[in-house]
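Coordinate analysis (summary)
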Amino acid sequence: MSKVNENTPQRKTTDDVNVNDGDLHSRRGAAEEGRQLRLSVNTAFAEQIGEEGVASYVATIVEVGQRHQGADVADAVEALRSSWDRAGIAVPDIETRRLAEQLADPTRADLVIALDDGRVLHGDDRLGEGGNRSARQDEPGDPDRPAYS
């Protein structure tokens, strides 16, 4: 049996953390606020719907993002679908739902929409701390992509 050195700090276990601690929640919320939502438009999709279609696709996302942040996801889904239906743009239900969830997120800050080649279609593609980011950081071949993504 080994002895524990009395000067060695003991690690907290999950039993030692009060998950109902209001201070813990306020710190977590502060860290999560202001997250940038960066959407990438696939080149093949952009070519399929054309320049006018891309403009309509982006305008719809921007409008729904402005009107439905913090709102009900189902309302955001309906707004996306109806606008895209009028423009003749087909987006799979699962993608529409996921996008609506992201747009309705009350902690979302900036919205950036870019083609997958890095050209920005909407928003300011910079980190919230004032630093620049690689426009293709989310792409699998980009050297700036985090290893854990």
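Residues numbered from 1 in each chain as written. Predicted model: local features only at pLDDT ≥ 70, side-chain atom pairs only at ≥ 80, totals over all residues. Heavy atoms only, no water.

Scanning the chain from terminus to terminus reveals four helices and three strands. When the elements of the chain are put in sequence order from the N terminus, they spell out α-β-α-α-α-β-β. By residue count, 30% of the 149 residues in the chain fall in the buried class. Carbon and sulfur atoms make up 46% of the accessible area of the chain, which totals about 10,600 Å². (Helix = DSSP H or I, 4+ residues; strand = E, 2+ residues; numbered from the N terminus. Buried < 20%, exposed > 50% of the residue type's maximum accessible area, 1.4 Å probe, protein only. Areas by Shrake-Rupley, 256 points an atom, 1.4 Å probe, with all protein chains shown as cover.)

A word on the packing of helix α2 (residues 43–68) against helix α4 (residues 93–104). Axis separation between α2 and α4 bottoms out at 8 Å; the angle between their running directions is 50°. In terms of orientation, α2 lies oblique with respect to α4. At the point where α2 passes α4, the crossing takes the right-handed sense. For the pair formed by α2 and α4, the contact residues are I61, V64, G65 and H68 on the first element and L99, L103 and A104 on the second. (Axes fitted to C-alpha atoms, helices over the stretch in contact; angles between N-to-C directions. Parallel < 35°, antiparallel > 145°, perpendicular 65-115°, else oblique. Left-handed = near helix turned anticlockwise from the far one by under 90°. Contact = heavy atoms within 4.5 Å.)

A pair of packed helices can be characterised by two numbers: the angle between their axes and the separation between those axes. One way to put it is that α2 packs onto helix α3 (residues 73–87) with a least axis distance of 10 Å and a crossing angle of 155°. By the angle class used here, α2 and α3 are roughly antiparallel. Crossing geometry of α2 relative to α3 is assigned as right-handed. Along the contact surface, α2 presents S56, Y57, T60, I61, V64 and H68, while α3 presents D75, A76, A79, L80, S83, W84 and A87. Of the residues that constitute the contact of α2 with α3, the class distribution is eight nonpolar, four polar and one charged. (Nonpolar A, V, L, I, M, F, W, Y, C, P; charged D, E, K, R; others polar.)

On to the pattern of salt bridges. Counted under the stated rule, the structure contains five salt bridges. R67 is paired through a salt bridge with E63; the nearest N and O atoms lie 3.4 Å apart. Residue R67 and its partner E63 are located together in helix α2, separated by four residues, close to a single helical turn. Using a relative accessible area of 64% as the deciding quantity, one classes R67 as exposed. Residue E63 is classed as partly exposed on the basis of its relative accessible area of 41%. (Salt bridge = Lys/Arg side-chain N within 4 Å of Asp/Glu carboxyl O.)

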